[in-house]
Amino acid sequence: MVEAGAWWTLPVAPALLLGLAVLAAAGDAALDDRASGRTVTPLGALRPLLAVPRALIAQPRRLPASDRPLWRLGVVTVPVAAVLSTLVIPFGNHAVADLSVGVVWFNAMEVLTWAGLWLAGWGPNAAFSLVGGYRFVAQGLAYELPLMFALISAATGAQSLRVTEIAGAQHGLWYAVWMPFAFAVHLAGVLAFSFLGPFAHPAGRDIAGGVLGETSGVDRLLLQAGRWLWLAAGAAMAVPLFLGGGAGPGLPGWAWSLVKTVLVLGLLVCAARRLPVLRADRYVEFAWVVLLPAAVAQALVPALVALGP
């Protein structure tokens, strides 16, 4: 059922995820400077990190009749679930825990973020944060089923839910080549459960920041970190699912996994900056009417191939 990795993978996996999240946040800050007409500098790219000390010493916001335990639980759940998702993501031949149901584990951690972000919206006892939490639930109902069928497509192609076996089954032809729609749906799902770019409704400016609007200090830092951690985790998971894992010439497997992850992460950061925020009602309609049937059809392709002679 479970094949445990070497002991050193346990501290390395969260550290690597944190490094990728910092890289994504720095890249987003650099793109923000470029879009604003400012000179792109290393100091400007590291601006998100410079805000960390201020967040650590900032006074937490207290609201009347807020449910502080649930609020704090929701805030902590988002980054913790992102870190736990990396337990099954292999870099080359190394993973913290090579679960026989690794795809299910990753999806379960992503769904756990639903509860965390909804609690982060409910706990403050404030209108706009509650609207942000409900927006994420509505958005999740729209993107989750297409995302699940995208994950099922990769698992069906390998006839396994073990992530390392899915990566190993792509010798000669990546799943992104003959399952392009599933790959695209997975990338869109990553942006959605990170509530970034076109799926930033839960933290929208039209509701004064939504789930982020009433947070401050460490709470706000944890929620913001959770967004980037999930973006990095989703990019890393795309590599074994659709891009052949650590397969590649010349470099060791872990290096190829890292290179591919950084490229996917760069693509997601650019997409989050360039794509407009979608109207929630239109996206929900599009997801149920178009994305879900197309994702089911995509899942039938590897199923038919697996049943063939």
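Scroll up to find the structure.
Residues numbered from 1 in each chain as written. Predicted model: local features only at pLDDT ≥ 70, side-chain atom pairs only at ≥ 80, totals over all residues. Heavy atoms only, no water.

Q: An account of the overall build of the protein chain is requested, with residue identities and associated values reported.
A: Broken down by element type, the protein chain carries 12 helices and two strands. Listing each helix as α and each strand as β along the protein chain from the N terminus yields β-α-α-α-α-β-α-α-α-α-α-α-α-α. In terms of overall dimensions, the protein chain is globule-like: its C-alpha atoms have a radius of gyration of 19 Å, near the 19 Å expected for 309 residues. Oriented by its inertia axes, the alpha-carbon framework of the protein chain measures out at about 65 × 45 × 40 Å. Counting every position in the protein chain, which comprises 309 residues, the buried fraction comes to 48%. For the protein chain, the distance from the average site of its 18 positive side-chain charges to the average site of its 14 negative ones is 10 Å. (Helix = DSSP H or I, 4+ residues; strand = E, 2+ residues; numbered from the N terminus. Rg over C-alpha atoms; globule rule 2.2 N^0.38 Å. Buried < 20%, exposed > 50% of the residue type's maximum accessible area, 1.4 Å probe, protein only. Lys, Arg positive; Asp, Glu negative; His and termini not counted. Charge placed at Lys NZ, Arg CZ, Asp CG, Glu CD.)

Q: Could you give an account of a nonpolar patch on the surface, naming the residues involved and the relevant values?
A: Where nonpolar side chains cluster on the molecular surface, the patch consists of Leu141, Leu145, Met148, Ile152, Phe286, Trp288, Val289 and Val290 and spans about 680 Å² of accessible area. Contributions of two or more residues to the nonpolar patch are made by α6 (127-158) and α12 (280-307). Mapped onto the elements of the fold, Met148 is located in helix α6. With relative accessibility at 31%, the residue Met148 sits in the partly exposed group. (Patch = residues over 30% accessible without salt bridge, like charges linked within 9 Å, V, L, I, M, F, W, Y side chains within 5 Å. Areas by Shrake-Rupley, 256 points an atom, 1.4 Å probe, with all protein chains shown as cover. Salt bridge = Lys/Arg side-chain N within 4 Å of Asp/Glu carboxyl O.)

Q: Give a description of the packing of helix α4 (residues 68-85) against helix α5 (residues 102-122) that names residues and reports values.
A: One can describe the packing of α4 onto α5 by two numbers: an axis separation of 7 Å at closest approach and a directional angle of 160 degrees. When the axes of α4 and α5 are compared, the pair comes out roughly antiparallel. Here α4 and α5 pass one another in a crossing that is left-handed. Side by side, α4 and α5 meet where Leu70, Trp71, Leu73, Gly74, Val75, Thr77, Val78, Ala81, Leu84 and Ser85 of the first sit next to Trp105, Phe106, Met109, Leu112, Thr113, Gly116, Leu117, Leu119, Ala120 and Trp122 of the second. Along the lines of polarity and charge, the residues of the contact of α4 with α5 split into 15 nonpolar, five polar and no charged. (Axes fitted to C-alpha atoms, helices over the stretch in contact; angles between N-to-C directions. Parallel < 35°, antiparallel > 145°, perpendicular 65-115°, else oblique. Left-handed = near helix turned anticlockwise from the far one by under 90°. Contact = heavy atoms within 4.5 Å. Nonpolar A, V, L, I, M, F, W, Y, C, P; charged D, E, K, R; others polar.)

Q: So what about the packing of aromatic side chains? Which residues, and what values?
A: As enumerated under the stated definition, the model contains 10 aromatic pairs in all. Ring centres of Phe106 and Trp230 lie 6.0 Å apart, and the angle between their planes is 80 degrees; on these two criteria the pair is classed as edge-to-face. Placement of Phe106 in helix α5 and of Trp230 in helix α10 (residues 217-242) is noted, with a sequence separation of 124 residues between them. Each member of the pair, Phe106 as well as Trp230, is classed as buried. For the ring pair Trp114 and Tyr143, a centre distance of 6.4 Å and an interplane angle of 70 degrees mean the geometry is edge-to-face. (Phe/Tyr/Trp six-rings, centres within 6.5 Å; stacked < 30°, edge-to-face > 60°.)

Q: Could you give me a rundown of the pattern of salt bridges, with the residues and numbers involved?
A: If you walk through the whole model with that rule in mind, you get 12 salt bridges. In this structure, Asp32 and Arg47 form a salt bridge, with 3.6 Å as the shortest nitrogen-oxygen distance. One end of the pair, Asp32, is in helix α1 (residues 9-35); the other, Arg47, is in helix α3 (residues 47-57), with 15 residues separating them in the sequence. The partly exposed category is assigned to Arg47, whose relative accessible area is 33%. One salt bridge in this structure joins Asp219 and Arg68, with 2.9 Å as the shortest N-O distance. One end of the pair, Asp219, is in helix α10; the other, Arg68, is in helix α4, and 151 residues separate them in sequence.

Q: Residue-level account of α1, with values.
A: The end-to-end C-alpha distance of α1, which contains 27 residues, comes to 38 Å, matching closely the 39 Å that a straight helix rising 1.5 Å per residue would cover. All of the buried residues in α1 are Thr9, Ala13, Leu17, Leu20, Ala21, Ala24, Ala25, Ala26, Asp28, Ala29, Ala30 and Asp33. One or two positions beyond α1, positive phi appears at Gly37, with a value near 85 degrees. (Expected span 1.5 Å × (residues − 1).)

Q: Go over the layout of surface pockets, please, and point to the residues and values.
A: Its volume calculated, the largest pocket comes out at about 1400 Å³. Around the largest pocket sit 39 residues that line it, and Asp28, Leu196, Gln224, Arg227 and Trp228 are the ones nearest its centre. Among the secondary structure elements, those contributing two or more residues to the lining of the largest pocket are α1, α3, α10 and α11 (253-274). Element by element, the count of residues in the lining of the largest pocket is highest for α10, at nine residues. Of the residues that constitute the lining of the largest pocket, the class distribution is 26 nonpolar, six polar and seven charged. (1 Å grid on protein atoms, 1.4 Å probe; cavity = no way out; pocket = protein on both sides within 12 Å on 5 of 7 lines; lining within 4 Å. Points joined across faces, edges and corners; volume = space filled by probe spheres on them.)

Q: I'd like to hear about empty space enclosed by the protein, residue by residue, with values.
A: Counting across every chain of the model gives one cavity of 30 Å³ or more. Its volume calculated, the largest cavity comes out at about 40 Å³. Around the largest cavity sit Tyr143, Pro146, Leu147, Val185, Ala188, Gly189, Tyr283 and Leu291, which together line it. Of all elements in the fold, only α6, α9 (180-193) and α12 reach the threshold of two or more residues within the lining of the largest cavity. Class assignment for the residues of the lining of the largest cavity results in seven nonpolar, one polar and no charged.

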